[in-house]
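Residue-level structural notes
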Amino acid sequence: MSDEMTESGGPRKPRIALMGEFSAGKSTLSNLLMGARPLPEKVTATRLSPVWITHGSQAPYRVGIDGSTEPVSIDHLEDIPVEETRYIRLFMESDLLEVCDLIDFPGISDPNMSSSVWERMLAEVDTVIWCTHATQAWRQSEAAVWADMPETVRANAILLITRFDKLTNEKDRSRVLRRISKETKGQFGGIFPIALLQAIQAGENPELWDQSGAGPFTEYLIDMIEKLTHITARTDVPLYNLESTASIPAPVFSGVTPRRVERSPDAARTPRGTATASDTPAASGKVLRPL
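Just so you know, these numbers come straight off a predicted model, no measurement behind them.

1. Examining the side chain of Thr 54
With respect to the secondary-structure elements, Thr 54 resides in strand E2 (residues 51–55). Among the residues examined, Thr 54 registers a relative accessible area of 4% and is labelled buried. There is a polar contact of 2.6 Å between the side chain of Thr 54 and the side chain of Asp 101. Not counting residues within four places of it along the chain, the set of residues in contact with Thr 54 comprises Lys 13, Arg 89, Leu 90, Phe 91, Met 92, Leu 97 and Asp 101.

See the structure below:
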């Protein structure tokens, strides 16, 4: 059973892990999803224990391997002893965090950090957004880690092919998409190419937003969060720890409907599954907002 309940004591929100290798774009992705950097500019998440980010304005703290907690300074996070820390808890006001928690993992193949630093936090995860760099996408080390993920996590997981703009011609883009789709068949709920920096720089320009590849990804993410909300509201056990969700009780109407996140009230829907570089769904804004 999870050692972390919701702050309010009510049904817990889905917990989405941001994972991938070093410099795969996880920090940029968290910036895109939350509309601002959760960490100070000088701090890099790759030097930290997993960072659990949830909605609120409380002071940050660390949770030790023994379960103890102590307050920490947001400006001195890099001074926190990694091997003695299970995770760092940060709070942030963000539309997305009203409907889910994000857990930012360090790079899985960092030679300067033991894999136990992030492996011990997998038990808290419901699903994953996995970032893989387009120019060296889906390396053997990534596939090896993903092979151990339970089906309950894989079912809704997202594979983001980041820095897709670094592939400068359509032949290379199509080749990478075909290879990754073949090598990961049945292992992710959706696969999406994206240029994260372009998505951030798009601002409120829907054309640039779609050109970045962010449209299909965010639409799938919205659907995934809604689906997981219906599940996690009925169990405090993170899905990583379950062999199947079949044993979770059927929902009982309580008069409370899970909040839904949309990019905008009239955002167009896009098909679920694998997106291509040429997908350009209509959009009227990029902000993820709860309804």
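2. So, empty space enclosed by the protein
Applying the stated criterion across every chain, the model contains 1 cavity of 30 Å³ or more. Considered as a void within the structure, the largest cavity measures approximately 40 Å³ in volume. Lining the largest cavity are Ser 27, Ser 30, Arg 37, Pro 38, Leu 39 and Asp 104. Grouping the constituent residues of the lining of the largest cavity by class yields 2 nonpolar, 2 polar and 2 charged.

3. Topic: the environment of Leu 18
If you trace the backbone, Leu 18 turns up in strand E1 (residues 15–20). Leu 18 gets classed as buried once you look at its relative accessible area, which sits at 1%. Each C-alpha atom of the pair Leu 18 and Ser 30 lies 8.0 Å from the other, and the pair is 12 residues apart in sequence. Ignoring anything within four residues of it in the chain, the contact list for Leu 18 reads Lys 26, Leu 29, Ser 30, Leu 33, Leu 102, Ile 103, Asp 104, Phe 105 and Ile 129.

Rules and cut-offs
Residues numbered from 1 in each chain as written. Predicted model: local features only at pLDDT ≥ 70, side-chain atom pairs only at ≥ 80, totals over all residues. Heavy atoms only, no water. Helix = DSSP H or I, 4+ residues; strand = E, 2+ residues; numbered from the N terminus. Buried < 20%, exposed > 50% of the residue type's maximum accessible area, 1.4 Å probe, protein only. Polar contact = N/O pair within 3.5 Å; in protein donor to acceptor, adjacent residues only side chain to side chain. Contact = heavy atoms within 4.5 Å. 1 Å grid on protein atoms, 1.4 Å probe; cavity = no way out; pocket = protein on both sides within 12 Å on 5 of 7 lines; lining within 4 Å. Points joined across faces, edges and corners; volume = space filled by probe spheres on them. Nonpolar A, V, L, I, M, F, W, Y, C, P; charged D, E, K, R; others polar.

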